[in-house]
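# Overview (structure and organization)
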Amino acid sequence: MPSLLITGAAGYIGSHFAEALIGQGVLSDGPLDLHFLDDLSTGHREFLDRLVALAESKGLPRPKVYEASLTDAPALERAIEQAEPEAVLHFAALISVAESVQKPELYFRNNVEGSQNLLRSLQKVNCRRLVFSSTAAVYGNPPDPAVASRPLPESTALAPVNPYGETKLAMERAIEEASRAWGLNAVIFRYFNAAGASASGGFGEWHEPETHLIPLLLRAASRGEKLKVFGSDYATRDGTCIRDYIHVEDLASAHVLGLERLMGGAVSASGATETFNLGTAQGTSVLEVIRAAEEVLGHPVGYEIYPRRAGDSAVLVADSTRAREVLGWEPKHSSMEHILRTAWGWERGLQASGR
Ligand code: UDP
């Protein structure tokens, strides 16, 4: 039975991946033995409770939960010795661009030191399969407008413009070095803008404080407040930033495929890292997201233009040809309308339960 460790299972993308995996129930070589590691600093215990209940309802062994931080190396090592994972899916990280600009040390400690601890522990138990969450923020601000106006392939120059992106790039490089040094086999996913919520209603975007556009927009609209739009003087079609919004369930399905690739294929003795962008190749500006939300909500959404937010790139749109060709991945849930409908369903649930 394959033992899998999921770091950050109580978080937004980790929980959706775990739900998708449990829904599937087996990998190529048998049912799943799941281990969740999270320090619950930004994740939610009720997500873990829901995942454990879901696994049991599917007849899987009860997943084990380790409440530990990646920065606590001895606790992490103990968890990994206990879990004896054949593969690790490493979602746990701090993810706010704005916070990373204000507190870079915190981001380097959590995202880089924490992940280095993880790599060291994996090497110790000779676990050589890793799926790592990276980000479009590693591309920074492609300076050439001809480059910026078309989807970015993985070969785009890596030049983060904020500490969050720097920490993810540092770990991408550390993982590639681990592949060379001790035979780690890794799949790195560079997410563009994760959005939306699970069709089951059990999981969704829930950050405290929230910094992301879609939940803030829905929240502002439902309270009759104005959304702050950060910058209207970018060199884009309407002056606001353009992003590639990808439904979190499409991210989850990519991870299932990436994991199957690592588990199914012979693990290369010499180690290898493969990197994939995950996005739709469709860019949507902030004002276009507002217009789409007005359609879904059925009423106007007020907004006000504010100065640019530090660390923002003007345009980030993914060329995900590689993920489609190599993994056979296809985003199926990422229309802006579906993203907004599921996000709105989740947000209403949060509000109704007083959170
Ligand atoms: N944004 C905005 N108002 C907000 C939050 C975000 O105008 O209240 C903009 C932000 O400046 C960026 C885009 O929306 O251009 C997406 O930001 P988000 O934080 O959702 O994701 P990021 O691209 O930073 O990962």
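Before reading further, recall that the structure is shown in the block above.
Residues numbered from 1 in each chain as written. Predicted model: local features only at pLDDT ≥ 70, side-chain atom pairs only at ≥ 80, totals over all residues. Heavy atoms only, no water.

## Describing the site of the ligand
With respect to spatial proximity, 15 residues lie near the ligand, and among them Leu213, Lys228, Arg243, Arg309 and Asp312 are the closest. The separation between an oxygen atom of the ligand and a polar side-chain atom of Arg309 is 2.8 Å. Burial of the ligand by the protein amounts to 90% of the accessible area it has alone, namely 510 Å². Of all elements in the fold, only α8 (213-222) and β10 (227-230) reach the threshold of two or more residues within the shell around the ligand. For the shell around the ligand, the element with the most residues is β10, which contributes four residues. (Near = heavy atom within 4 Å. Polar contact = N/O pair within 3.5 Å; in protein donor to acceptor, adjacent residues only side chain to side chain. Areas by Shrake-Rupley, 256 points an atom, 1.4 Å probe, with all protein chains shown as cover. Helix = DSSP H or I, 4+ residues; strand = E, 2+ residues; numbered from the N terminus.)

## Here's the deal with the pairing of strand β5 (residues 64-67)
In the sheet, strand β4 (residues 33-38) pairs with β5 via four bridges, with the strands oriented parallel. Residue pairing across strands places Phe36 opposite Val65, the latter belonging to β5. After leaving β4, the chain enters helix α2 (residues 45-57) and then returns to the sheet as β5, a path that is right-handed. (Pairing = 2+ DSSP bridges. Right-handed = clockwise from strand over helix to strand, strands pointing away.)

## With respect to the sheet that holds strand β11 (residues 242-243)
Pairing is mixed across the open sheet formed by three strands, whose spatial order is β14-β11-β16. Whereas interior strands pair on both sides, the edge strands pair on one side only; in this sheet they are β14 (284-285) and β16 (315-316). Both β11 and β16 contribute to a ladder of two bridges, which runs parallel. Across the sheet, residue Arg243 finds its bridge partner in β16, namely Leu316.

## Points about α2
For α2, which comprises 13 residues, the first-to-last C-alpha distance of 18 Å matches the rise-based estimate of 18 Å (1.5 Å per residue) to within 8%. Those residues of α2 not exposed but buried are Phe47, Leu48, Leu51, Val52 and Ala55. Seen end-on, α2 carries its buried residues on one side only, within an arc spanning 135 degrees. Immediately beyond the C-terminal end of α2, within one or two residues, lies Gly59, with a positive phi of roughly 80 degrees. (Expected span 1.5 Å × (residues − 1). Buried < 20%, exposed > 50% of the residue type's maximum accessible area, 1.4 Å probe, protein only. Arc of directions from axis to C-beta.)

## A look at unusual backbone geometry
Cis geometry is adopted by the peptide bond preceding Pro209, which originates at Glu208 and carries an omega value of 0 degrees. Looking at the secondary structure, you find Pro209 in the loop between β9 (193-195) and α8. With a phi angle near 70 degrees, Ala281 is a residue other than glycine that sits in the positive phi range. Note that Ala281 resides in the loop between β13 (272-278) and β14.

## Quick word on the pairing of β4
β4 sits mainly inside the fold: six of its six residues count as buried. Of the two faces of β4, the one lined by Asp33, His35 and Leu37 and the one lined by Leu34, Phe36 and Asp38 are each fully buried. As judged from the five bridges shared by strand β1 (residues 3-7) and β4, these two strands associate in the parallel manner. If you follow Leu5 over to β4, its bridge partner there is His35.

## Things to note about helix α9 (residues 248-264)
Under the 1.5 Å per step criterion, the end-to-end length of α9 is 24 Å for 17 residues, consistent within 8% with the ideal 24 Å. Residues Val248, Glu249, Asp250, Leu251, Ala252, Ala254, His255, Val256, Gly258, Leu259, Leu262 and Met263 constitute the buried set of α9.

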